[in-house]
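Fold and contact review
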Amino acid sequence: LIVRKSVFALEPYEWEPSNQQIAARAGIDPRHVIRFDTNSSPYAPTTLLREILANLDDLHVNEYPDTSYFAIRKLLSQYCNVDPEQLTITNGADEGLDIAAKTFIDEGSNAVISVPTYSMYRIVAQVMGGHVREVLRKEDFSDDTEAILKAIDERTGIVFLCSPNNPTGNVASHETLEMILDRTDATVVVDEAYYEFCGESFADYTKKHENLVIVRTFSKAFGMAGARVGYLIAHKNSTELMSRVRPPNSLSVISLKLAEMSLENIGLMKEHVTKITAERERVAHALAKISGLSVLPTKTNFLLVRFRERTASEVYEELLRSGIVSRDVSKLPLLANILRFTIRTREHNDLLIDKIRSLE
Ligand SMILES: Cc1ncc(COP(=O)(O)O)c(C=O)c1O
């Protein structure tokens, strides 16, 4: 086989195990598995799906989608308060990250990444032959702006920030972004996958700064992780460059229709976000009352819990035996003994709280 060098060198993404794999490992029925590990939403846009079903004759799956994705770009331009020429529609945020890397990372260039963070930044950069420069966040999880600026040089293709950050849950600061944009022509990618849970965005900066790309998704607040729709917000000049490398038809007409309807019925998403953030506060309070652990606040749809009397891996295994799947982030820097839990329905969250309480 003749394979690109970067593929051999790559440490691939660790896929989440399936419900079936988890159930087999825990010795339980797959139907009893509850996923607190994927940061998806417990609420699918079921009413919108039913509406699609009632109007199936309008859904032309025999035809390709409109490759300019005009309808959804128009709706998104209102939602994001940017021009339609600033929007690239993608097959989930992951394809958006991939398109940014294909456009801005050259063989032998580097990507600066504020870590710990979402692991796809490293992967999309390495696939393009870029070297990764990881910059450790500060103890309070904020980006280490000085260290990021030091890591940037003339060979930097992308600086990756994530706001709010997965897995630390905090937002990036305006000063950090402004200082980086001031100092470099390298592209700054800010991943705002969890934007709707905090309402703070850097999208406005794309009007002035050609070298800023915002990554968004319908996978989290909109409850559409399985439909795979995301988008990029950028200056129209960099949007034009990214449109050269994007695949012309990576979204299905079904997913596009669902995303368009979600934007036309924005109240539904907002209702779900209100429920999830209220649950996040309720769960955080309930867990904080349990001894032997502390809860770290986040601006997202997940919580971090640091265990003191047991190792995170022990707790992970113990929860798994009851079908409760968490994300063990304890091997990442700054996150010793921490598990990450996605907020789910009240009923499921109560099961989690009860189970953690019973570990005392
Ligand atoms: C920070 C961040 N960006 C992107 C993604 C991937 O989103 P999508 O499902 O839109 O590809 C995730 C998913 O967990 C994420 O946490």
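As shown above, the structure is provided for reference.
These remarks concern the structure in this document. In this text, all values refer to a predicted model and were calculated from it rather than measured experimentally. (Residues numbered from 1 in each chain as written. Predicted model: local features only at pLDDT ≥ 70, side-chain atom pairs only at ≥ 80, totals over all residues. Heavy atoms only, no water.)

Details of the packing of helix 4 (residues 70-80) against helix 10 (residues 253-264)
Selection rule: Lines fitted to the C-alpha atoms define the axes, with helices restricted to the stretch that makes contact. Angles between their N-to-C directions range from 0 to 180 degrees. Strands are runs of DSSP state E lasting at least two residues, helices are runs of H or I lasting at least four, and both sets are numbered from the N terminus onward. Convention used here: angles under 35 degrees read as roughly parallel, angles over 145 as roughly antiparallel, angles from 65 to 115 as roughly perpendicular, and any remaining angle as oblique. In this scheme the handedness of a crossing depends on how the near helix is turned from the far one: anticlockwise by less than a right angle means left-handed, clockwise means right-handed. Contacts were defined at the residue level, with two residues in contact if any of their heavy atoms lie within 4.5 Å. In this classification, the charged set is Asp, Glu, Lys and Arg, the nonpolar set is Ala, Val, Leu, Ile, Met, Phe, Trp, Tyr, Cys and Pro, and all remaining amino acids, among them Gly, are polar.
Packing of helix 4 against helix 10 brings their axes to within 10 Å, and their N-to-C directions diverge by 30 degrees. What the angle tells us is that helix 4 and helix 10 run roughly parallel. Every pair of crossing elements has a handedness; the one defined by helix 4 and helix 10 is left-handed. Together, Ala71, Ile72, Leu75, Leu76 and Tyr79 of helix 4 and Leu256, Ala259, Glu260, Leu263 and Glu264 of helix 10 make up the contact between the two elements. Partitioned by chemical class, the residues of the contact of helix 4 with helix 10 number eight nonpolar, no polar and two charged.

A closer look at the site of the ligand
Applied cut-off: Throughout, the term near means that a residue has one or more heavy atoms lying within 4 Å of the molecule or strand in question. For this analysis, a polar contact is any N or O atom pair within 3.5 Å, provided that within protein one partner can donate a hydrogen and the other can accept it, and provided that sequence-adjacent residues contribute only side-chain to side-chain pairs. Accessible areas in this description were obtained via Shrake-Rupley with a 1.4 Å probe; residue shielding takes into account the shown protein chains only.
Residues in contact with the ligand amount to 14 residues; listed here are only the nearest, Ala93, Asp191, Tyr194, Thr217 and Ser219. One nitrogen or oxygen atom from the main chain of Ala93 is found 2.6 Å from an oxygen atom belonging to the ligand. Bound to the protein, the ligand loses 93% of the 400 Å² it would expose on its own. Counting residues per element, the shell around the ligand draws most heavily on helix 5 (residues 92-104), which supplies three residues. When its residues are assigned to classes, the shell around the ligand shows six nonpolar, four polar and four charged.

Description of a nonpolar patch on the surface
Stated precisely, the cut-off is as follows: Two distance rules govern patches: like charges are joined within 9 Å, and nonpolar side chains (Val, Leu, Ile, Met, Phe, Trp, Tyr) within 5 Å, applied only to residues with over 30% relative accessible area and no salt bridge. For salt bridges, the criterion is a side-chain nitrogen of Lys or Arg within 4 Å of an Asp or Glu carboxyl oxygen.
Side chains of Leu1, Val3, Val7 and Phe8 sit close together on the surface and give an oily, nonpolar patch of about 490 Å² of accessible area. Tracing the chain through its elements places Val3 in the segment before helix 1 (5-9).

Quick look at helix 10
What counts, and what does not: A helix's residues, less one, multiplied by 1.5 Å, set its expected span. Only protein chains enter the accessibility calculation, which uses a 1.4 Å probe; a residue is then buried when its area is under 20% of its type maximum, exposed when over 50%, and partly exposed in between.
Given a rise of 1.5 Å per residue, twelve residues ought to cover 16 Å, and the 16 Å separating the end C-alpha atoms of helix 10 matches this to within 8%. Counting buried positions over the twelve residues of helix 10 gives nine, a clear majority of the element. Looking only at helix 10, the buried set comprises Val253, Ser255, Leu256, Leu258, Ala259, Glu260, Met261, Ser262 and Leu263. On the buried face of helix 10, the contacting elements are helix 3 (46-54), helix 4, strand 2 (87-90) and helix 11 (266-288).

Considerations on the pairing of strand 5 (residues 156-162)
The test is simple: Two strands qualify as a pair provided DSSP detects at least 2 bridges between them.
For strand 5, the tally of buried residues reaches seven of seven residues, placing the bulk of the element in the interior. As judged from the five bridges shared by strand 5 and strand 6 (residues 187-191), these two strands associate in the parallel manner. Bridge pairing in strand 6 links Leu161 to Val190.

Some words on unusual backbone geometry
In the segment running from Val115 into Pro116, the intervening peptide bond is cis, with an omega of 0 degrees. Topologically, Pro116 is positioned in the loop between strand 3 (110-115) and helix 6 (120-127). The step from Ser163 to Pro164 runs through a cis peptide bond, and the omega angle for that step is -5 degrees. Topologically, Pro164 is positioned in the loop between strand 5 and helix 8 (174-183). Positive phi, close to 55 degrees, is recorded for Asn81, a residue that is not glycine. Within the element layout of this structure, Asn81 appears in the loop between helix 4 and strand 2. With phi around 65 degrees, Arg228 is a residue other than glycine that occupies positive phi space. Within the fold, Arg228 resides in the loop between strand 7 (212-217) and strand 8 (230-234).

Fair warning: the whole summary comes from geometry, so function is off the table for now.
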